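# An overview of the molecular structure
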Amino acid sequence: MGEETRRGPVSGRTWAVLIAIGLAASAVGIALGLVIPWFPTAGSTIAHKIDTFWDVLIIASVPIFVGVTTMVLFSIWRWRQRPGEESLDGPPIHGNTRLEVIWTVLPSILIAGLCTYATVLLLDIQSAPAKGARVVNVTGQQFAWTFSTVEHGKKIQTNELYVPVGEPVEFKIHTLDVIHDFWVPQWRLKVDAVPGLTTSYSLTPSKVGNYQVVCAELCGLGHAFMRANVHVLPAAQYTAWVQKVTTPVGAAVAGAVSNGSTSVANVGRQLFISGNPATGTISCGSCHTMKAAGTTAQTGPNLDKNLAQDPASAIRESVVDPNKEIATGYAKGVMPVNYGKTLTKQQIDALVAYIYKSVHRR
Amino acid sequence: MAARLTSPGWYRALLYLVIGLAFTLGLSAGLRAIYNVDPVYSWQSWLTIALLMVPLFFLAGIGCFDYWWRWARGRKVIDDHADHGAHSWKDYFKVNTDHKVIGIQYICVSFFFMFIGGLMAMLIRAELAQPGRQFVDANTYNGLFSIHATLLIFLFVIPVFAGIANYVLPLMIGAPDMAFPRLNALSFWMLPVAGTIMMLSFLMPGGSFAAGWTAYAPLSVDAPIGQTFFTIAVQFAGASSIATALNFLVTIITMRAPGMTFFRMPLLVWANFSTSLLVVIATPFIAASQFMVLLDRALGFNFFNAAKGGDVLMYQHVFWFYSHPAVYIMMLPGFGIISEVLATRARKPIFGYRMMAFSLLAIVVLGFTVWAHHMFVSGMQNWIRIPMMITTAIIAIPTGIKIFSWVATLWRGVLKMDTPMLWATGFIVMFTLGGISGVMLAMVPLDIHVSDTYFIVAHIHYVLFGGSMFTIFAGIYFWFPKMTGRMYNERLGKLHFWLTFIFFNLTFAPMHLIGVQGMPRRVYDYAQQFATWNLIISLASFGLGLSTLIFLYNVIASWRGGPRAVANPWRSLTIEWQVSSPPPIFNFDTVPSVVGGPYEYGVPGAVHAVFKGAEVPSPVPAGAPTSPATEH
């Protein structure tokens, strides 16, 4: 320590060392903060901007944390009470106006800077959707999502979300019961689905892929399982998908379900895949995997495995009174209990027959 | 026996409890009969009325109202202080008017609920150790995290601070007791009532309340009967808070010893003054929010039924208008504790004392302007997000002043690194992290992504565990000799700190990461990609849970058989250390006179308070005994 005594003022050299340690530790901290893969894939045009903002926050925060920690550790290292100092007191320093002004003003400037950045970014995120942007209505209910949009004058309603890449979408979010929250982590935006309100946000998906809608607001028993698949498709594939779902076979759902004109098997299949949004019937396929229907959701048990041994009567019971018997590893109370009410007897018959036939194919 | 049933105590409390149950049954059935509701008997109706009224019967039975009742009837009231001070451990189970007894009652009951809430955290982590179902079903899981948060907020952090201040604050300002000792007793007894109601909800058909401690409507309105236990328990916890806060305010304003100006008050007193302002102004709002839910549930009001003109977002506004200030209610008293510990242990005056006091008041004022930052994704009007972001970020400035001033207090001190000091310095570092993630959360564009994720869980635990909990441990160890007259075990104390510090960080630091990566909070199950981190977190959390057992053992063993504590083991200047450990039943034999600031360490001959009748002390080293009162 040279001429510097341990309990004397801190020399310029020690300060230099302290600052060097602080800078080095901050550099390491910042590097670490920037290297860690914090975010999921950036899947919308604003995602990159939010990720960059995060980096700025890391760069601004790490030196503050490092500074406080360094000062605390240095004080303990240098000035902790040693044997023989039991009745020693420190110097009666009551304050230092200049220092207090500095540590009021500097954080204020930092805060002002960050708030300005955040405001500009938020206004960008909130900017009105482009004219003619595709509107997708998102409806949450315990514990599933329904998506509806209009393509070429035809309404498309699904339990999985399909959007084309690179085209702006405006989501209008509704709920049939309690509060839910529409969040696709890869897109970085979320907003609650609020009873009595229509909430919204718009964005432009920028990356083709399959993601998940995550319900981010506690909505009851099945909250953890309230997921829906998201398919961001290249424009051509999206058009093909629209074509497929708007052809008469697909469009027959609503009519078929209500007047029974189509074959029973077809009614069962349509109910399984698409449900009946008009009555709030969530499709089986939005939660269950079943090979014959081509559904792959994993919220509920895999029907090919779990119902393969069951007679039709047991399948009917599982549809109407799902809590009576629960598959191992799955929770009670997650599957809606309203199928007995929202479906007519003929519809239930058709659905049960279709499931029975599908899982017993082997 | 008849005497036992007519005089205050547990026998009469049980009798009144039974009378209360019968009375509410009659009331429920009678009202239903008048309105021609069929059937006349409904256990849910009875239960709801009983939850509201039976606690009052219990409180009357145990003896909270006896004095007031006699006085109100014009009877002769006896001021013989028979219910003041504890002469045996049994007195801690009775209504007592001594602030020191009430302080201990508060602290013990709060820690009881802390251990229960902590145990629930262990169950939560056990369930989350792996994806899929492990031990409990989704309903029980939702109940566990709801009651975990509710107990630790309403039955631990808030009341334990009230308990510590109850014990220490009157001593610190040279008062013989709190301003309203009987109100003080009533405040305490409402707590076990609230906690018992919360835990009883587990026994209900449909399970405990499971809508989170935030109890958002309409989920809470449609929930099974267990939810009613939350709405009503919060009323009792809230009433307790409000009464105590009024008591603190009046005590601080009117009962300071001669010479104790506001700027000679220890910062713990300042902190509780600020906290009490927050409590008195804000707590009625949560009471309102829960009464509205209760009315929706029980009587078919439509406050939160959108289909009938109700307003769902209103619940959140009213709720957060309390619950944001509540996070300062859970932090400011801790700030006070840290200032006491640091000044004494660093042997230095608090750096920038006046700014420390002003920044507390600044936080009180600003704390009321930021509630909607909990609602950035709630669907409220977009424009309000920017002003709320700015006010939220501004709170970092007074908070920063406090942190920097504490660090400057350490600078060139003579730092005694014992258990309370370890907790205090650990607090500074951990709370800085919690503060930083708080500023990040204030930034709307980021908050939109991370709200309702594990990033929030990480932040709240860095603030409430790394923040509040660390200060609580610091305070308990610091005043343990004063409260019990015994010294705690220093080695176990340090071990407790290091294990907690390490496992705390291992538990909560990774939650920042999985939150940003996209794991939502309050989920019973999660995607496979989060499995590794969740396992690590769960294992670390078990270590964290076990570390509290060291604390429990240390406290119990030291209380029973620790070495006797002297009056002022820390050579502190503040008044509570100038009387014996534990202090005499009425605190002071002679009224102290305050002659200087509370933290004049290192100033030759500096004294904070002198005792009239004692000789004017000749200059002595700071912190040395200054009065004969220490010889008790």
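Note that this is a predicted model, so its numbers are computed, not measured. (Residues numbered from 1 in each chain as written. Chains lettered and ligands numbered in written order. Predicted model: local features only at pLDDT ≥ 70, side-chain atom pairs only at ≥ 80, totals over all residues.)

As a further point, take the overall build of chain B. When its secondary structure is counted, chain B shows 20 helices and two strands. Dimensions of chain B along its principal axes, counting C-alpha atoms only, are 80 × 65 × 45 Å. Taking all 632 residues of chain B together, the buried fraction comes to 59%. Look at the contacts in chain B between residues 6 or more apart in sequence, and 78% of them connect residues 24 or more apart. (Helix = DSSP H or I, 4+ residues; strand = E, 2+ residues; numbered from the N terminus. Buried ≥ 20, exposed ≤ 12 C-beta atoms within 10 Å, placed from the backbone. Contact = placed C-beta atoms within 7 Å.)

All right, on to the overall build of chain A then. Of regular secondary structure, chain A possesses ten helices and twelve strands. Over its C-alpha trace chain A gives a radius of gyration of 30 Å, far above what one expects of a compact globule, namely 21 Å for 362 residues. Viewed in the frame of its principal axes, chain A has a C-alpha envelope of about 100 × 50 × 40 Å. When burial is assessed residue by residue, chain A has 38% of its 362 residues classed as buried. Considering only residue pairs separated by 6 or more positions, chain A has 66% of its internal contacts joining residues 24 or more positions apart. (Rg over C-alpha atoms; globule rule 2.2 N^0.38 Å.)

Residue and element names in this part refer to chain B. For chain B, the mean per-residue pLDDT works out to 93, and 97% of the residues sit at or above 70. Low pLDDT (under 50) marks residues 615-621, which in the prediction has seven contacts with non-local residues, meaning those over four places away or in another chain. Long-range and interchain partners of residues 626-632, a stretch whose pLDDT sits below 50, account for 23 contacts in this model, where long-range means more than four residues apart. Scoring of the predicted complex yields 0.90 for pTM and 0.91 for ipTM. (pLDDT = per-residue confidence, 0-100.)

Moving residue by residue along a regular strand, the side chains alternate between the two faces of the sheet. Residue and element names in this part refer to chain A. Where strand S6 (residues 180-183) and strand S7 (residues 190-193) come together, four bridges link them in antiparallel fashion. Within S7, the residue paired with Phe182 across the bridge is Val191. Between S6 and S7, which follow one another and run antiparallel, lie six residues, and Arg188 among them has a positive phi close to 80 degrees. (Pairing = 2+ DSSP bridges.)

The subject of this paragraph is the environment of Trp79 of chain A. Its place among the elements puts Trp79 of chain A in helix H2 (residues 47-79). Taking the C-alpha atoms as reference points, Trp79 of chain A and Arg6 of chain A, 73 residues apart in sequence, are found 7.4 Å from one another. Aside from chain neighbours lying at most four places away, what touches Trp79 of chain A is Arg412, Gly413, Val414 and Leu415 of chain B.

Counting residues at the interface gives 74 residues for chain A and 76 residues for chain B. Of all the secondary structure elements, the ones that give two or more residues to the side of chain A that touches chain B are H2, helix H3 (97-126) and S7 of chain A. By residue class, the composition of the side of chain A that touches chain B is 45 nonpolar, 19 polar and ten charged. (Nonpolar A, V, L, I, M, F, W, Y, C, P; charged D, E, K, R; others polar.)

It is worth spelling out the pairing of strand S4 (residues 161-164) of chain A at this point. Residue and element names in this part refer to chain A. Side chains Leu161 and Val163 of S4 all project onto a buried face; the interleaved residues Tyr162 and Pro164 project onto the opposite face, where all are buried too. As paired strands, S4 and strand S10 (residues 227-233) are joined by four bridges and run parallel to one another. Counterpart to Val163 in the pairing with S10 is Val232.

Let us now look at the confidence of the model for chain A. All names here are of chain A. Put simply, chain A has an average pLDDT of 88, and 93% of its residues get 70 or more. Mean pLDDT across the elements of chain A ranges from a minimum in helix H5 (residues 248-259), with 46, to a maximum in S6, with 97. Confidence drops under a pLDDT of 50 for residues 250-261, and excluding neighbours within four residues, the segment shows 20 contacts in the predicted structure.

We now examine the sheet that holds strand S2 (residues 144-151) of chain A. Residues and elements named next belong to chain A. Taken in spatial order, the five strands of this open sheet run S3-S2-S1-S5-S8, and their pairing is mixed. Looking at which strands have only one partner, the edges of the open sheet turn out to be strand S3 (154-158) and strand S8 (199-203). This sheet shows a mean twist of 20 degrees between the axes of neighbouring strands, independent of strand direction. Sheet topology note: the S2/S3 ladder contains five bridges and is antiparallel. Across the sheet, residue Thr149 finds its bridge partner in S3, namely Ile156. Contacts from helix H4 (residues 235-246) reach S2 and S3, with the element oriented near 95 degrees to S3. (Axes fitted to C-alpha atoms, helices over the stretch in contact; angles between N-to-C directions.)

Let's shift gears to the domain arrangement of chain A. All names here are of chain A. In terms of domain boundaries, chain A breaks down into domain 1 (12-79 + 97-126), domain 2 (134-239) and domain 3 (248-359). The C-alpha centroid of domain 3 is placed 22 Å from the C-alpha centroid of domain 2. Listed per partner, the contact involves 15 residues of domain 2 and 15 residues of domain 3. Sorting the residues of the side of domain 2 that touches domain 3 by element identifies S2, S3 and S10 as the ones contributing at least two each. With three residues, the top contributor of residues to the side of domain 2 that touches domain 3 is S10. In terms of residue class, the side of domain 2 that touches domain 3 is built from six nonpolar, eight polar and one charged. (Domains from an automatic or database assignment.)

With that settled, the discussion passes to the environment of Asp177 of chain A. Residues and elements named next belong to chain A. Its place among the elements puts Asp177 in the loop between strand S5 (169-175) and S6. The sequence separation of Asp177 and Ala193 amounts to 16 residues, and the corresponding C-alpha distance is 9.4 Å. Those residues in contact with Asp177, other than ones at most four positions away along the chain, are Gln141 and Gln142.

All names here are of chain B. Helix H15 (residues 396-410) packs onto helix H12 (residues 332-346) with a crossing angle of 15 degrees between their chain directions and a minimal axis gap of 9 Å. On the basis of their axis angle, the class for H12 and H15 is roughly parallel. Between H12 and H15 lies a crossing of left-handed hand. Here Phe335, Ile338, Leu342, Ala343 and Ala346 of H12 lie close against H15, whose contacting residues are Lys402, Trp406, Thr409 and Leu410. (Parallel < 35°, antiparallel > 145°, perpendicular 65-115°, else oblique. Left-handed = near helix turned anticlockwise from the far one by under 90°.)

So, about unusual backbone geometry. Residue and element names in this part refer to chain B. With omega at 0 degrees, the peptide bond leading from Asp38 into Pro39 counts as cis. Mapping Pro39 onto the fold places it in the loop between helix H2 (10-34) and helix H3 (43-62). Residue Pro582 follows Ser581 across a cis peptide bond; omega there is -10 degrees. Within the secondary structure, Pro582 is located in the loop between helix H20 (531-561) and strand S1 (592-594). Here the phi dihedral of Ala215 falls at roughly 45 degrees; this positive angle occurs in a residue that is not glycine.

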